[in-house]
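Here is how the chains run, residue by residue.
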Amino acid sequence: MASGYAELLRARHAARLLAGTLVGRLPNATGHIAIVLFTRAEGGSYTLAGALAAVYGLATAVGQPLLGRAVDLRGQPRVMLPAALLSAFGMALFAAVGLDPLPAAYAAVLAAGFFTPPLEGGLRALWPGVLKREDRVHTAYALDAVAQEVMFTVGPLLVTLLVAVWSEAAALLVINAVGVLGALSVVVSPPSRAWRSEPREAHWLGALRSPGLLALLGAFFFVGLALGSITVAALAYSDDHGSDAVYGMLMAALGFGALAGGVVYGARQWRGAPERRLRVLVGLLALGYLPLSLTPGTGAMTALAALSGVFLAPALACAFVVVDRQAPRGTVTEAFSWLVTTFTVGASVGTAAAGPAVEHSGTGAGFAVAGAGGLAGLLVLLATQRVLAAPRRTRDAEVQAENDRNAAPEPGFRAGHQA
């Protein structure tokens, strides 16, 4: 199992690109937490803290596909590094201004969110040219999904450590400075500097003109909704059991399950159409969420939380492959960024939906929102399977690989190209 990942990371530039992207995305993984902590330290209310964090999240959701389109048109260094600097400047301005004047604080977090560089989509656009082989790219997508689970676990701990050792303002500044360094490491690398998107058809919808991509985004809106609702329902469960530690246990179990599932999934070569496999994975994901509404004792609940996470990273990894197959020519970074945005918006809606469900019908109802979200995602995939069965851009074997002009890709395998 480990040999496949070791082979992947030994590929030239692979480890650097993965590490740089993860470090560069730290501000995005921790931004909402750092904003809440800083706002509270400045004397702001929980309502204000939540509003500022929401503005940051929504701005990020809007900015990702727009910046992704700019990357497809202009290349990675010209867009990502300026965006990372502007995002960091927005957070630095927020740390300097504080909450007075309040409009400046909102403007600062809005800029920080909007200019978050689309490193996630950019990395997935680079993998085909760096790894050359389709099986390695699929393994890289799985490793990427696993690494995200690690980042979203380590990132909040790092913010908490910086606050304890230094201050809330320092946490904002340090995390974003580190993020700029990560983005810089990526964009000065040879693959990033050389990468160019394929020629694209001029169209105002960009990647969204693909019916298959729209179907996938619809499904993963509900997957995001399911995951977002669990964060609220798990907090209610911990309150019911009188211990904040229970919340940490449940979220850690969820992350561990996703991590284990992603590692196992990426270590195996899968045959058959990824669109068909994705329906199975999302179905299993939905089945994993449904038992959570039973809310048994903490031991059993922790086990259920781990089980519910097992198919999350595999579903994401498989979705990355489907995005690559369904995106129109020249829109791959934008298409991946749309997946990030849709998933994020879905998680926000799930968080908002689970709160009233818990208040009116109890903790089990909050977890039932997660189960319903998973089932809705599966239904979207089932209803649109004909659309997804015909990838918009399946390559013929004789077409040259854009990242290696002397090599032909496997059928259905594509990438951007190098100048």
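These notes cover the structure that comes with them. Just so we're clear, the structure is a prediction, and the values are computed from it rather than from any experiment.

1. Digging into the nonpolar core
Here is a general trend for soluble globular proteins: nonpolar side chains tend to be buried in one another's company. In terms of nonpolar packing, the biggest core is built from 89 residues, with W127, L131, F220, L278 and Y289 touching the most fellow members. Element by element, the count of residues in this core is highest for helix α11 (residues 211-240), at 13 residues. Discounting residues that sit within four places of it in the chain, W127 has contacts with A14, L18, K132, V137, A140, Y141 and D144. L162, A171, L172 and I175 belong to the second largest nonpolar core, which has 21 residues in total.

2. Description of empty space enclosed by the protein
By the definition in use, this model includes five cavities of 30 Å³ or more. Size it by volume and the largest cavity reaches roughly 90 Å³. Forming the walls of the largest cavity are 14 residues, and the residues nearest its centre are G24, P27, A84, S87 and P117. Elements with a minimum of two residues in the lining of the largest cavity: α3 (26-41), α5 (76-97) and α9 (168-187). Tallying contributions element by element places α9 first for the lining of the largest cavity, with four residues. Partitioning the lining of the largest cavity into residue classes produces seven nonpolar, six polar and one charged.

3. Quick look at the packing of aromatic side chains
Taken as a whole and assessed by the stated rule, the structure comprises seven aromatic pairs. A centroid spacing of 5.1 Å and a plane angle of 85° characterise the contact between F114 and F115, whose relative ring orientation is edge-to-face. Of the residues examined, F114 reaches a relative accessible area of 25% and is grouped as partly exposed.

4. Considerations on the packing of α3 against helix α8 (residues 134-165)
For the pair α3 and α8, the least separation of the axes is 9 Å and the interaxial angle reads 40°. Here α3 is positioned oblique relative to α8, judged by the angle of their axes. α3 and α8 meet at a crossing whose hand is right-handed. Counted together, L26, A29, T30, I33, A34 and L37 of α3 and M151, F152, G155, P156, L158, V159 and V163 of α8 form the full contact between these two elements. Across the contact of α3 with α8, the residue classes break down as 11 nonpolar, two polar and no charged.

5. Side note on the pattern of salt bridges
Evaluated as defined, the whole model comprises three salt bridges. Here E334 and R69 are joined by a salt bridge, their closest N and O atoms 3.1 Å apart. Note that E334 is positioned in helix α16 (residues 332-361) and R69 in helix α4 (residues 46-74), a separation of 265 residues in sequence. Classification of E334 as buried rests on a relative accessible area of 1%.

6. Comments concerning a nonpolar patch on the surface
On the surface, a cluster of nonpolar side chains totalling about 390 Å² of accessible area is made up of V280, L284, L287, L290 and L375. Examining the composition of the nonpolar patch, we find that three residues originate from one element, helix α13 (residues 274-289), more than from any other.

7. Regarding the layout of surface pockets
In this structure, the second largest pocket spans a volume of roughly 360 Å³. Taken together, 20 residues form the lining of the second largest pocket, with E134, D135, H138, Q269 and W270 sitting closest to its centre. Only α8, α12 (244-266), α13 and α15 (312-326) provide two or more residues apiece to the lining of the second largest pocket. At five residues, the largest contribution of residues to the lining of the second largest pocket is made by α8. Here the residues of the lining of the second largest pocket sort into eight nonpolar, five polar and seven charged.

Conventions and cut-offs
- Residues numbered from 1 in each chain as written.
- Predicted model: local features only at pLDDT ≥ 70, side-chain atom pairs only at ≥ 80, totals over all residues.
- Heavy atoms only, no water.
- Core = buried A, V, L, I, M, F, W, Y, C linked by side-chain atoms within 4.5 Å.
- Buried < 20%, exposed > 50% of the residue type's maximum accessible area, 1.4 Å probe, protein only.
- Helix = DSSP H or I, 4+ residues; strand = E, 2+ residues; numbered from the N terminus.
- Contact = heavy atoms within 4.5 Å.
- 1 Å grid on protein atoms, 1.4 Å probe; cavity = no way out; pocket = protein on both sides within 12 Å on 5 of 7 lines; lining within 4 Å.
- Points joined across faces, edges and corners; volume = space filled by probe spheres on them.
- Nonpolar A, V, L, I, M, F, W, Y, C, P; charged D, E, K, R; others polar.
- Phe/Tyr/Trp six-rings, centres within 6.5 Å; stacked < 30°, edge-to-face > 60°.
- Axes fitted to C-alpha atoms, helices over the stretch in contact; angles between N-to-C directions.
- Parallel < 35°, antiparallel > 145°, perpendicular 65-115°, else oblique.
- Left-handed = near helix turned anticlockwise from the far one by under 90°.
- Salt bridge = Lys/Arg side-chain N within 4 Å of Asp/Glu carboxyl O.
- Patch = residues over 30% accessible without salt bridge, like charges linked within 9 Å, V, L, I, M, F, W, Y side chains within 5 Å.
- Areas by Shrake-Rupley, 256 points an atom, 1.4 Å probe, with all protein chains shown as cover.

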